[in-house]
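One-letter residues, chain by chain:
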Amino acid sequence: MLNQFQKIKNVGCYEEYQFDAKLLKPFNSVNILYGNYGSGKTTFSNLLFLSSKHCKDKPQLLAELIDTDSELEIISDTGKITHKNIVEKNLDLYVFNSKFIADHVYNGTMANID
């Protein structure tokens, strides 16, 4: 299970995010993200989706999210997930965001129901 995003640096709209235990709680088994437009929800969910076994095109999504100066650290029960090993992860994790919908339901032109 994923526990928390420990660090996100230079990924999407995140310049430098660091987990603060005084303000945040670790993840539960089901989590809902909400926030203002441009607050990082899509970036956050795409990082989760990248670690999922249900993500179909990991190299493309990685290229969209991670630059040479990006840093990422996610704490999980099985160890740290970083920008260097996230593509290797195949977690049984469902992230119902626009990437998931395009890959598995409808991509704007045709149905992709698996």
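What counts, and at which threshold
Residues numbered from 1 in each chain as written. Predicted model: local features only at pLDDT ≥ 70, side-chain atom pairs only at ≥ 80, totals over all residues. Heavy atoms only, no water. Pairing = 2+ DSSP bridges. Helix = DSSP H or I, 4+ residues; strand = E, 2+ residues; numbered from the N terminus. Salt bridge = Lys/Arg side-chain N within 4 Å of Asp/Glu carboxyl O. Buried < 20%, exposed > 50% of the residue type's maximum accessible area, 1.4 Å probe, protein only. Arc of directions from axis to C-beta. Contact = heavy atoms within 4.5 Å. Phe/Tyr/Trp six-rings, centres within 6.5 Å; stacked < 30°, edge-to-face > 60°.

S.K.: Just checking my understanding: could you explain the pairing of strand β2 (residues 14-18) for this structure?
M.R.: Residues in a regular strand point their side chains to alternate faces of the sheet. In this structure, strand β1 (residues 2-11) lies alongside β2, joined through four bridges in antiparallel fashion. Counterpart to I8 in the pairing with β2 is Y17.

S.K.: What exactly am I supposed to notice about the pattern of salt bridges here?
M.R.: Close approach of charged atoms allows side chains of opposite charge to pair. Going through the model one piece at a time under the given rule, you end up with five salt bridges. For K80, the salt bridge identified is with E73, shortest N-O distance 3.6 Å.

S.K.: Just checking my understanding: could you explain helix α2 (residues 58-65) for this structure?
M.R.: K58, L61 and L65 are the residues of α2 that are buried. Along the long axis of α2, the arc covered by the buried residues comes to 65 degrees, so they all point the same way. Facing away from the buried side of α2 by more than 90 degrees, the exposed set consists of P59 and A63. Those residues of α2 that are buried lie in contact with β1, α1 (41-50) and α3 (98-104).

S.K.: Looking at this model, I keep getting lost on the packing of aromatic side chains. Mind explaining?
M.R.: The way to describe two aromatic rings as a pair is by their centre distance and the angle between their planes. This structure, assessed with the given rule, holds five aromatic pairs. An angle of 40 degrees between the planes, with centres 4.1 Å apart, marks the rings of F5 and F44 as tilted. Residue F5 is found in strand β1, and its partner F44 is found in helix α1; the two are separated by 39 residues along the sequence. Pairing Y94 with F96 gives two aromatic rings, centres 6.0 Å apart and planes at 10 degrees, and the pair type is stacked. On the basis of relative accessibility, which here comes to 63%, the residue F96 falls in the exposed class. Taken together, the aromatic side chains of F5, F27 and F44 make up a single cluster linked through ring pairs.

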